Amino acid sequence: MRQKRTGSITAALFLAVVVFFADSLSGCGSKRKDYPYYISYVDSEQTQTVQSGYEPEHASVDGLIQELLDQLGTDTDTLDYVKAIPEGVTVQSWEVEQDCLMLDFSSSYDKMELITEVLCRLAIVKTMTQVEGIESVSFSVKGKPLTDSRGDLVGAMTLDSFVENPGEQINSYQNATIDLFFANETGDGLVKETQEVYYNSNISMEKLVMEHLITGPKSGKAKGTIPAETKLINVAVVDGSCYVNLDENFKNHNYEIQEPVVIYSIVNSLVSLENIDRVQISVNGDTSGKYRDDYELAKMYRADYSYVGVANEEPVVVQDVKDTEENH
């Protein structure tokens, strides 16, 4: 396959060490080794990307670009993470214009589950923007520019387009105050409950919010909106959009709680985080159909506080033993 290349990029390699938030997972022992490049993979739980140190063989920029793309689609030999570009999805062609790497994918790209696609994009951008002269990456499928779940053009993406849990405090414990929205006693409105929680910093804030939302309220003035047996499959944030994937137990409806109360319990709780301004909910990765009667899963929802009554005056203070033990 021949790649078209335009614009001016020097042939020198980007030799500065690029250190991401995850330690190298390439089996280099307890002592970290610095690498000139890192390949991004997707963790086995489909919640974030992880990086593994890599030493390229090619000395030319064109050869390096192709080599890194090949590595993004190469199977791994570990169960901890998987290749970023899934089986069956291929890069049909690429070209560079100015400082943007333009990738065109096969039609199978559109068949990826929502969060898989978002993490694939993140891993590609993280990996490819290490190359000197590549500041952003744009995506197209069969020649058509990629659009997001709202139908908007994704456009050129940089590392600033994504939000992930920062890594300066890997494996440390800290506390945070989170605002959660639960149903009121009659199920026709929302009550804000503020909780102080202790957690392992490996857990992203959006995951922390969802886990506590599923656990339910700590006060007697509110009811949980999500069935307790519901499992959080994954949650990811990109460019202000939060994608929540729950298992089928989410549809075990409690009709004593009104439909919008359930939806905006999730949306308002997540939007209370500063990096999120809209939320999409899926069930087992599927965004087709509706939640109950009126709320389309494919839609992005913004916060709606019209259902919220008087919030608790005092926060409910809870030491989050559960999160600490599970992630020690």
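See above for the structure.
Residues numbered from 1 in each chain as written. Predicted model: local features only at pLDDT ≥ 70, side-chain atom pairs only at ≥ 80, totals over all residues. Heavy atoms only, no water.

### Description of the pattern of salt bridges
Tallying each qualifying case throughout the model produces five salt bridges. Salt-bridge contacts for Asp-75 lead to Lys-83; the nearest nitrogen and oxygen are separated by 3.1 Å. Since its relative accessible area comes to 55%, Asp-75 is described here as exposed. Between Arg-121 and Glu-117 there is a salt bridge, with its nearest N and O atoms 2.6 Å apart. With Arg-121 and Glu-117 both in helix α2 (residues 114-128), this residue pair falls four residues apart, about one helical turn. Glu-117 carries the same exposure label as Arg-121, and that label is buried. Here the salt bridges do not stand alone but share partners, grouping Asp-75, Lys-83 and Glu-87 into one network. (Salt bridge = Lys/Arg side-chain N within 4 Å of Asp/Glu carboxyl O. Buried < 20%, exposed > 50% of the residue type's maximum accessible area, 1.4 Å probe, protein only. Helix = DSSP H or I, 4+ residues; strand = E, 2+ residues; numbered from the N terminus.)

### Some thoughts on the side chain of Ser-106
With respect to the secondary-structure elements, Ser-106 resides in the loop between β5 (100-105) and α2. Ser-106 sits in the buried class, given a relative accessible area of 10%.

### A word on the packing of helix α3 (residues 205-215) against helix α4 (residues 259-271)
Interhelical geometry of α3 versus α4 gives an angle of 145° and a closest axis separation of 10 Å. Of the two possible hands of crossing, α3 and α4 adopt the one that is right-handed. Contact residues: Glu-206, Val-209, Met-210 and Leu-213 in α3; Ser-265, Ile-266, Ser-269 and Leu-270 in α4. Classifying every residue of the contact of α3 with α4 by side-chain character gives five nonpolar, two polar and one charged. (Axes fitted to C-alpha atoms, helices over the stretch in contact; angles between N-to-C directions. Left-handed = near helix turned anticlockwise from the far one by under 90°. Contact = heavy atoms within 4.5 Å. Nonpolar A, V, L, I, M, F, W, Y, C, P; charged D, E, K, R; others polar.)

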